[in-house]
Amino acid sequence: MANQFNTIRSQVLLLFQEKEFQKVLDVLGADLPSCYEDYLYRGMCLSRLGQHEAALKMLSTGLELFPSQPELLAERAVIYLHLGKKALSILDLDLAVEVEPNNPYRYASRGFIREKLGDAEGAQADYERALELDPGDAITHNNLGLILERKGRPQLAKKHFDVADSLQQSEGGEMWKRDNQVVSTNDQHVEAAQPELQNTSWWKEMWKPFVDASERKAFWRWITKSSSGN
């Protein structure tokens, strides 16, 4: 099955990026999946079609066969949040960090969720660790700046904002979260999330895991205009 998935990988990626989630499931077919990417994309598509319980079952089955697979853990964490199971969500993100302790994306992801759940201290620690591992992550600089600004440390926050802006200019247009909204260079605006995440439309699109390690940094730039550069 792994080889079979590889033969349709490009088609699956294209359909997923175009948000044709039911078509992805149709392409994957009715055969039982046996590679973790197959479980991952089935779970992601089911979730984005609003079938969160089915998605949870799919990803949990995948994790039984591929224990501690970080992409499966990360996606299941999102689904747990949709279902209001915040503690289980953080637990999966903790496990993903344990599996890949030197991957800055894992800390940045957990920091983002911790922040949205009201754990500013935990989020700050995760963002700082992510930047130790990857000082060139513009979005993490921006998110850390927001926390520091809210904590009454405007000068330090500005340093991170300045780095984020400099990196953004060198990389091209991206969206930035400032003043309780998401602002993009193409004038799109999206309301920033409150701690209760399940019903926010941008949240449903924020997590788009891709299995190629070389694409993880692009994946973390989930809030770009198309979210398809991952």
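Given the structure is predicted, the values throughout are model-derived calculations rather than measurements. (Residues numbered from 1 in each chain as written. Predicted model: local features only at pLDDT ≥ 70, side-chain atom pairs only at ≥ 80, totals over all residues. Heavy atoms only, no water.)

> Explanation requested: the overall build of the protein chain in the structure shown.
Scanning the protein chain from terminus to terminus reveals 12 helices and three strands. Buried positions account for 52% of the 230 residues belonging to the protein chain. Sequence separation of 24 or more characterises 53% of the internal contacts of the protein chain that already satisfy a separation of 6 or more. Counting only carbon and sulfur atoms, one obtains 50% of the accessible surface of the protein chain, whose full area is about 10600 Å². (Helix = DSSP H or I, 4+ residues; strand = E, 2+ residues; numbered from the N terminus. Buried < 20%, exposed > 50% of the residue type's maximum accessible area, 1.4 Å probe, protein only. Contact = heavy atoms within 4.5 Å. Areas by Shrake-Rupley, 256 points an atom, 1.4 Å probe, with all protein chains shown as cover.)

> Which parts of the structure should I look at to understand the nonpolar core?
The nonpolar side chains of a soluble globular protein tend to be buried, and buried together. If you look at the biggest cluster of nonpolar residues, it comprises 26 residues, and the most contacted ones within it are Val12, Phe16, Val24, Leu28, Tyr41, Cys45 and Leu72. Within the residue set of this core, elements represented by two or more residues are helix H1 (2-17), helix H2 (21-28), helix H3 (36-48), helix H4 (52-65) and helix H5 (70-82). The contact partners of Val24, leaving out residues within four places of it in the chain, are Val12, Leu15, Phe16 and Cys45. (Core = buried A, V, L, I, M, F, W, Y, C linked by side-chain atoms within 4.5 Å.)

> Teacher, can you tell me more about the packing of aromatic side chains here?
To describe a pair of aromatic rings, you give the distance between the ring centres and the angle between the ring planes. What the rule picks out here adds up to four aromatic pairs. Between Tyr36 and Phe66, the aromatic rings sit 6.4 Å apart at their centres with planes inclined by 65°, giving edge-to-face as the arrangement. With Tyr36 in helix H3 and Phe66 in the loop between H4 and H5, the pair connects residues that are 30 residues apart, well separated along the chain. In this structure Phe66 comes out as partly exposed when scored by relative accessible area, which is 25%. An aromatic cluster of three or more residues is present, and its members are Phe16, Phe21 and Tyr41. Of note, Arg129 hangs over the ring of Tyr107, and the distance from its end group to the ring centre comes to 5.8 Å. (Phe/Tyr/Trp six-rings, centres within 6.5 Å; stacked < 30°, edge-to-face > 60°. Lys NZ or Arg CZ within 6 Å of the ring centre and 35° of its normal.)

> Just checking my understanding: could you explain the packing of H5 against helix H6 (residues 86-99) for this structure?
Packed helices, taken two at a time, are described by their axes: the angle between them and the distance between them. Taken N-terminus to C-terminus, the directions of H5 and H6 make an angle of 165°; their axes are 8 Å apart at the nearest point. In this view, H5 runs roughly antiparallel relative to H6, as classed from their interaxial angle. Considering the relative orientation of H5 and H6, their crossing is left-handed. Contacts between H5 and H6 involve Pro70, Leu73, Ala74, Arg76, Ala77, Tyr80 and Leu81 from the first element and Lys86, Leu88, Ser89, Asp92, Leu93, Leu95, Ala96 and Val99 from the second. For the contact of H5 with H6, a count of residues per class yields 11 nonpolar, one polar and three charged. (Axes fitted to C-alpha atoms, helices over the stretch in contact; angles between N-to-C directions. Parallel < 35°, antiparallel > 145°, perpendicular 65-115°, else oblique. Left-handed = near helix turned anticlockwise from the far one by under 90°. Nonpolar A, V, L, I, M, F, W, Y, C, P; charged D, E, K, R; others polar.)

> What is the right way to read helix H9 (residues 138-150) from this model?
Since one α-helical turn is 3.6 residues long, residues separated by three or four positions face the same way. Look at H9: 19 Å from first C-alpha to last across 13 residues, which is about the 18 Å you get at 1.5 Å a residue. Taking burial as the measure, the 13 residues of H9 include 11 buried ones, the bulk of the element. Those residues of H9 that fall on the buried side of the exposure criterion are Ala138, Ile139, Thr140, His141, Asn142, Asn143, Leu144, Gly145, Leu146, Ile147 and Leu148. In this structure Asp137 caps H9, since a side-chain oxygen of it lies 3.2 Å from the backbone nitrogen of Ile139. Of the residues flanking the end of H9, it is Gly152, one or two places downstream, whose phi is positive at about 80°. (Expected span 1.5 Å × (residues − 1). Polar contact = N/O pair within 3.5 Å; in protein donor to acceptor, adjacent residues only side chain to side chain.)

> Help me understand the confidence of the model for the protein chain in this model?
Should the pLDDT be low somewhere, the predicted coordinates at that spot are not to be read in detail. Here the protein chain averages 77 in pLDDT, and 73% of its residues register 70 or above. Counting interchain partners and residues more than four positions distant, the pLDDT-below-50 stretch residues 179-230 has 124 contacts. (pLDDT = per-residue confidence, 0-100.)

> Would you take a moment to explain the pattern of salt bridges for this structure?
Any two side chains of opposite charge can pair, given that their charged atoms come close. Per the counting criterion, the structure on display carries 14 salt bridges. Note that Glu75 and Arg48 form a salt bridge whose closest N and O atoms lie 3.1 Å from each other. In this pair, Glu75 sits in helix H5 while Arg48 sits in helix H3, placing the two residues 27 residues apart along the sequence. Take Glu75 and Arg48: they sit in the same class, and that class is buried. Between Arg114 and Asp126 there is a salt bridge; the shortest N-O distance is 3.0 Å. Placement of Arg114 in helix H7 (residues 104-116) and of Asp126 in helix H8 (residues 120-133) is noted, with a sequence separation of 12 residues between them. (Salt bridge = Lys/Arg side-chain N within 4 Å of Asp/Glu carboxyl O.)

> Is there a simple way to think about H8 in this case?
When the terminal C-alpha atoms of H8 are compared, their 20 Å separation across 14 residues agrees well with the 20 Å that a helix rising 1.5 Å per residue should span. Those residues of H8 that fall on the buried side of the exposure criterion are Gly122, Ala123, Gln124, Asp126, Tyr127, Ala130 and Leu131.

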